[in-house]
Amino acid sequence: MNILFIMYDQLRFDYLGCAGHPHLKTPNFDRVAAKGVRFTNVYVQSPICGASRMCFYTGRYTSSHGAAWNGFPLRVGEHTLGDHLRRLGMGCWLIGKTHMKADAEGMERLGLAPDSVIGARQAECGFDVWQRDDGLWGEGPDGFYDEKRSPYNEYLKSKGYPGHNPWSDFANAGVDEAGDLASGWMFMNADKPANIAEKDSETPWLTGEAMRFIDQAEGPWCAHLSYIKPHWPYIVPAPYHDMYGPDHVPAATRHEMEREDPHPVYDAFMSNRIGQAFQREEVRQKVIPAYMGLIKQADDQLGRLLDHLEASGRMEDTMIVLTSDHGDYLGDHWLGEKDLFHDPSVKIPMIIHDPRAEADATRGTTCDAPVESIDLAATFIEAAGGAVPRHIVEGRSLMPWLRGDTPDWRRYVVSEYDYSATPQCVKLGLAPKDARLFMVFDGRWKLIHAEGGFRPMLFDLQTDPEEFNDLAKAGDHPELDGLYKYLAEWGRRQAQRVTRSDEQIIAGRGASMRKGILPFLADGSEVDAELTQPLRGKAPPRPDRTGG
């Protein structure tokens, strides 16, 4: 079987038709949901692009793999999906974005040449690359944000778009009434159509690359199709730019009580530039219709891809996974972007279609078990026929849920956020080691622990599903002890003994004794006679050393 692992960047869990969005129709997401299982309580292990993706690709928590922020390298030697799947005879390919930065220092220390097979895989998060494009080709006084070659820019040049950075001039810009560039970086331009033919824009281009890969691929393979959209810049080509308007923009999910004596970390994020922007209603009125247009375009391109799979016969032997690396506040809770642990940021969509007969009983169903993004790595390993190496992969396979079983499952989910690289860390006067947040959510109670000597935050999602009322403002709360016990239990997990499994440890017990290492014996009766047999009997004669 093959695995088509599709990730959309910054797609909220509730902006799909099958998730109940009142205006946004997504028939092709719904089409996959009708063939598989839609998981309704899925949480990322960090609500920021790079760290979240490294969790998906390793199956490990952020504090286990250490790549806690965008641009923090994933250390050399960390096990990835590619390592696990290739061992099982399955190729592992990238088509799109990873946000992965290579551990160049570690590679140099170990003598790994970047142009060798192993070096290239280390530099690309374990993937073989069909096409890597991280999507943000901004250029400023100090050069390009992304120093790698942009394959999308090269594609645009091949189509006749002029300039050295047509992404900036066409895909990420409209044209104003005076004929000047209206950059997608400015929210007020979000209602303008991107100045590019729709078929040449980013999402259709990457879909075409995926189809090219599938047409030539010889299985079994896992292909990570990773779209940059609907991540900002929020600009989309016609006809998607005006499919939605003010009547489709929901009221922001926020309350004045959130700004009354807020937690200092929360206050710092509400006060940052993105929070201030999304507190302006005119920004929401421009951005949200464009965000919806980007999702509608993604859904249409998913339909194009599904049709191609059916026409080529690959639908019958390909597992399809649809998910996201985090959500988008869009003004909810006085915030924009992601970063913190309200559901619009930390909760994600996840739909899995397994074409095999064992999954027939669950087609078209939902599962509300608490799922973590790291569970996909374990799921893929089991789907490929392997046993999940639990001493390395910290997620749990979702295959039992796909088959209609009810496994013994986790009691809570955890997410982490290291904001040491942000202006909020500076504003709060924190050392980098103290700029860390931890979320524990047990399905009702959500605890956010803040390092740096701050009080916790606490929400009861049963009585306050909008997460407005921070119960920890009033001081101690009876639920805090139990949630902190969960956090302590999680913190004591075995995460670094990745070179020996439990099974290897158990099998190795007593091995040295069977090879003649028998210390600490009083008289030998403490062990099996077989082990002391070589030590019994007549002593051999000592060589005569008296002669000349």
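Placed above this text is the structure.
Described below are features of the structure shown in this document.

**Considerations on the overall build of the protein**
Line of reasoning, step 1. Scanning the protein from terminus to terminus reveals 19 helices and 17 strands.
Line of reasoning, step 2. Radius of gyration (C-alpha) of the protein: 27 Å, near the 24 Å computed for a compact globule of 548 residues.
Line of reasoning, step 3. With the principal axes as the frame, the protein shows a C-alpha extent of 110 × 60 × 55 Å.
Line of reasoning, step 4. In the protein, which comprises 548 residues, the proportion classed as buried is 55%.
Line of reasoning, step 5. Once local pairs closer than 6 in sequence are excluded, the contacts in the protein between residues at least 24 apart make up 71%.
Line of reasoning, step 6. Of the charged side chains in the protein, 60 are positive and 81 negative, and the gap between their average positions amounts to 6 Å.

**So, helix 2 (residues 49-58)**
Line of reasoning, step 1. Among the 10 residues that make up helix 2, 10 are buried, leaving the element largely enclosed by the rest of the structure.
Line of reasoning, step 2. One or two residues past the end of helix 2 sits Gly 59, with phi positive at roughly 70°.

**Remarks on the packing of helix 9 (residues 202-216) against helix 12 (residues 281-312)**
Line of reasoning, step 1. Close contact between helix 9 and helix 12 brings their axes to 10 Å; oriented N to C, the two are set at 15°. Taken as axis vectors, helix 9 and helix 12 run roughly parallel relative to one another. When you trace helix 9 past helix 12, the crossing you get is right-handed. Across from Thr 203, Pro 204, Thr 207, Gly 208, Ala 210, Met 211, Ile 214 and Asp 215 in helix 9, the residues of helix 12 making contact are Gln 297, Ala 298, Gln 301, Arg 304, Leu 305, His 308 and Leu 309.
Line of reasoning, step 2. Across the contact of helix 9 with helix 12, the residue classes tally to seven nonpolar, six polar and two charged.

**Focus on the layout of surface pockets**
Line of reasoning, step 1. Approximately 1,100 Å³ is the volume found for the largest pocket.
Line of reasoning, step 2. Taken together, 35 residues form the lining of the largest pocket, with Trp 185, Trp 232, Arg 273, Ile 274 and Glu 337 sitting closest to its centre.
Line of reasoning, step 3. When residues of the lining of the largest pocket are traced back to their parent elements, those giving at least two are strand 5 (139-140), helix 11 (273-278) and helix 16 (423-427).
Line of reasoning, step 4. When residues in the lining of the largest pocket are grouped by element, the largest group, four residues, is from helix 11.

**Some points on the nonpolar core**
For soluble globular proteins, the rule of thumb is that nonpolar side chains tend to be buried together.
Line of reasoning, step 1. Within the largest apolar cluster, 69 residues are counted, with the highest numbers of intra-cluster contacts made by Phe 5 and Phe 39.
Line of reasoning, step 2. Of the residues forming this core, the biggest block, six residues, is contributed by helix 14 (residues 375-383).
Line of reasoning, step 3. Setting aside chain neighbours within four positions, we find Phe 5 in contact with Phe 56, Tyr 57, Leu 81, Cys 222, Ala 223, His 224, Leu 225, Val 321, Thr 323, Leu 376 and Phe 380.
Line of reasoning, step 4. Judged by nonpolar contacts, the second largest core, of 56 residues, contains Ile 214, Ile 235, Ile 295 and Leu 306.

**Some points on the sheet that holds strand 17 (residues 457-460)**
Line of reasoning, step 1. Ordered in space as 14-15-16-17, the four strands form an open sheet in which the pairing is antiparallel. Each having just a single partner strand, strand 14 (413-418) and strand 17 make up the two edges of the open sheet. Here the average twist between neighbouring strands, direction ignored, is 15°.
Line of reasoning, step 2. Looking at chain direction, strand 14 and strand 15 (residues 436-441) are connected through six bridges and run antiparallel. Residue pairing across strands places Asp 418 opposite Arg 436, the latter belonging to strand 15.
Line of reasoning, step 3. Strands strand 14, strand 15, strand 16 (445-450) and strand 17 of the sheet are contacted by helix 17 (residues 478-491), whose axis makes an angle of about 65° with strand 16.

**Some details on empty space enclosed by the protein**
Line of reasoning, step 1. Enumeration over the complete set of coordinates arrives at four cavities of 30 Å³ or more.
Line of reasoning, step 2. Considering only enclosed or pocket space, the largest cavity measures out at about 100 Å³ in volume.
Line of reasoning, step 3. If you go around the largest cavity, the residues you meet are Gly 96, Asp 133, Gly 135, Tyr 152, Glu 202, Thr 203, Trp 205, Leu 206, Ser 226, Tyr 227, Ile 228 and Lys 229.
Line of reasoning, step 4. Breaking the lining of the largest cavity down by element, the ones donating at least two residues are helix 9 and strand 9 (221-230).
Line of reasoning, step 5. Of the residues in the lining of the largest cavity, the class split is five nonpolar, four polar and three charged.
Line of reasoning, step 6. If you add up the space inside the second largest cavity, you get close to 70 Å³.
Line of reasoning, step 7. Taken together, Tyr 266, Leu 340, Phe 341, His 342, Leu 437, Lys 446, Ile 448, Met 457, Phe 459 and Glu 467 form the lining of the second largest cavity.
Line of reasoning, step 8. Contributions of two or more residues to the lining of the second largest cavity are made by strand 16 and strand 17.

**Observations regarding the environment of Ala 377**
Line of reasoning, step 1. Position of Ala 377 among the secondary structure elements: in helix 14.
Line of reasoning, step 2. Placed 321 residues apart in sequence, Ala 377 and Phe 56 show a C-alpha to C-alpha distance of 6.5 Å.
Line of reasoning, step 3. Apart from the residues lying within four places of it in its own chain, the contact partners of Ala 377 are Phe 56, Thr 58, Gly 59, Leu 81 and Val 393.

Rules of the game
Residues numbered from 1 in each chain as written. Predicted model: local features only at pLDDT ≥ 70, side-chain atom pairs only at ≥ 80, totals over all residues. Heavy atoms only, no water. Helix = DSSP H or I, 4+ residues; strand = E, 2+ residues; numbered from the N terminus. Rg over C-alpha atoms; globule rule 2.2 N^0.38 Å. Buried < 20%, exposed > 50% of the residue type's maximum accessible area, 1.4 Å probe, protein only. Contact = heavy atoms within 4.5 Å. Lys, Arg positive; Asp, Glu negative; His and termini not counted. Charge placed at Lys NZ, Arg CZ, Asp CG, Glu CD. Axes fitted to C-alpha atoms, helices over the stretch in contact; angles between N-to-C directions. Parallel < 35°, antiparallel > 145°, perpendicular 65-115°, else oblique. Left-handed = near helix turned anticlockwise from the far one by under 90°. Nonpolar A, V, L, I, M, F, W, Y, C, P; charged D, E, K, R; others polar. 1 Å grid on protein atoms, 1.4 Å probe; cavity = no way out; pocket = protein on both sides within 12 Å on 5 of 7 lines; lining within 4 Å. Points joined across faces, edges and corners; volume = space filled by probe spheres on them. Core = buried A, V, L, I, M, F, W, Y, C linked by side-chain atoms within 4.5 Å. Pairing = 2+ DSSP bridges.

By themselves, these are just geometric observations and shouldn't be taken as functional.
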